Amino acid sequence: MTYEFIQVHTEADKIGVITLNRPKQLNALSPDLMVELGAAMTAFDADAAIGCIIITGSEKAFAAGADIGAMATFTFADVYKNDYITKHWETIRSIRKPVIAAVSGFALGGGCELAMMCDFIIAADNARFGQPEIKLGIIPGAGGTQRLPRSVGKSKAMDLVLTGRMMNADEAERAGLVSRIVPLDKLMEETLAAALMICSYSQIAVMAAKESVNRSFESGLSDGVMFERRIFHALFATQDQKEGMDAFVNKRPADFKHQ
Ligand code: HXC
């Protein structure tokens, strides 16, 4: 499939890299772009050779939000009947392989929400995060009011959502929104290294780990721990568990077959 608003390639035959590519609009997330992003992610997820997916943007912008020009004339009837956001943005939630957001520059509004929908965020030192929708007379609409407080706590989430201010990479890391900050010129190198590390493990264990961590956002502690316990037990039925533990015991590298 050819894409107009994103670029797609693989690294080391096992990492799917998606680059948002509307540079003139600071990668504003138009509905067409989101259709392409969903299609590319779904294709990588279905590709047995792919172990991890990276979403990135340009140096200046991961994404400066949903496309304001496209939204400006929407009516309630338009967005309600077309199920705006739900229809195209929620695809990412069905992706079972790990998705890393490699963020440099602006990650604002829907751009910040897209990054938060990924499994973790690696930020370049020039990254800036914010939910400025309030300045446009709206509120975050792709989960920002829900995921931001779960990441950074109520006070900072309220501060960001109500004032519309941006926070830099240092503040975002202190607050727990991003997992690590790297120099801008090392962003892809470091993100690819993290992705390669993930790809070296059992894909079944990796997917199970992602599913289990995500469960913590959906359930209470007792249910979440029980979910984890059942998956943990189930992994003893895999060849990869036998391989991983035998490799450790015999002091050799593990050769996971994802079985
Ligand atoms: C459409 C956008 C855009 C956006 C930037 N552009 N953000 N177009 N939608 N979200 C366009 C500008 O219009 C401009 O086009 C070009 O990109 C460069 O932007 P500038 O403003 O000239 O750049 P700069 O001065 O460096 O300022 C960067 C910026 C600013 C601070 C990021 O562009 C900005 O505030 N953008 C809007 C951020 C925002 O409000 N995001 C939330 C959107 S609402 P031209 O043609 O003039 O060169 C949202 C709702 C989410 O995301 C709901 C659910 C998803």
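Structure: above.
Anyway, here's the lowdown on the structure attached to this text.

## Considerations on the sheet that holds strand 8 (residues 128-130)
Note on sheets: strands pair through backbone hydrogen bonds, and any given pair is parallel or antiparallel.
Link 1 in the chain: On the basis of which strands lie adjacent, the open sheet formed by 4 strands has the order 4-6-8-9 and mixed pairing. Each edge of the sheet is formed by a strand with only one pairing partner; in this case those strands are strand 4 (61-63) and strand 9 (166-168). Here the average twist between neighbouring strands, direction ignored, is 20°.
Link 2 in the chain: Bridging between strand 4 and strand 6 (residues 106-108) involves 2 bridges; their strand directions are parallel. In the strand pairing of strand 6, Ala61 is matched with Phe106.
Link 3 in the chain: Against the sheet, helix 5 (residues 110-117) engages strand 4, strand 6 and strand 8, with an angle of about 90° to strand 6.

## Digging into the layout of surface pockets
Link 1 in the chain: One number sums up the size of the largest pocket: a volume of about 1,100 Å³.
Link 2 in the chain: In terms of lining residues, the largest pocket is bounded by 33 residues, among which Met117, Cys118, Asp119, Asn214 and Phe217 are the most central.
Link 3 in the chain: In terms of residue count, the dominant contributor to the lining of the largest pocket is helix 10 (residues 203-215) (8 residues).
Link 4 in the chain: Partitioned by chemical class, the residues of the lining of the largest pocket number 17 nonpolar, 7 polar and 9 charged.

## Focus: the pairing of strand 5 (residues 99-103)
Link 1 in the chain: Most of strand 5 is tucked away: 5 of the 5 residues are buried.
Link 2 in the chain: Here strand 5 shows no split at all, with Val99, Ala101 and Val103 on one side and Ile100 and Ala102 on the other all buried.
Link 3 in the chain: In this sheet, strand 5 lies alongside strand 3 (residues 52-56) in parallel orientation, the contact comprising 4 bridges. Its bridge partner being in strand 5, Ile55 is matched across the sheet by Ala101.
Link 4 in the chain: Bridge count between strand 5 and strand 7 (residues 120-124): 4 bridges; the pairing is parallel. Of the residues in strand 7, the one forming a bridge with Ala102 is Ile122.

## Comments concerning helix 5
Link 1 in the chain: With 8 of its 8 residues buried, helix 5 lies for the most part within the structure.
Link 2 in the chain: Here helix 5 has its buried residues at Gly110, Gly111, Cys112, Glu113, Leu114, Ala115, Met116 and Met117.

Parameters and conventions
- Residues numbered from 1 in each chain as written.
- Predicted model: local features only at pLDDT ≥ 70, side-chain atom pairs only at ≥ 80, totals over all residues.
- Heavy atoms only, no water.
- Pairing = 2+ DSSP bridges.
- Helix = DSSP H or I, 4+ residues; strand = E, 2+ residues; numbered from the N terminus.
- Axes fitted to C-alpha atoms, helices over the stretch in contact; angles between N-to-C directions.
- Contact = heavy atoms within 4.5 Å.
- 1 Å grid on protein atoms, 1.4 Å probe; cavity = no way out; pocket = protein on both sides within 12 Å on 5 of 7 lines; lining within 4 Å.
- Points joined across faces, edges and corners; volume = space filled by probe spheres on them.
- Nonpolar A, V, L, I, M, F, W, Y, C, P; charged D, E, K, R; others polar.
- Buried < 20%, exposed > 50% of the residue type's maximum accessible area, 1.4 Å probe, protein only.

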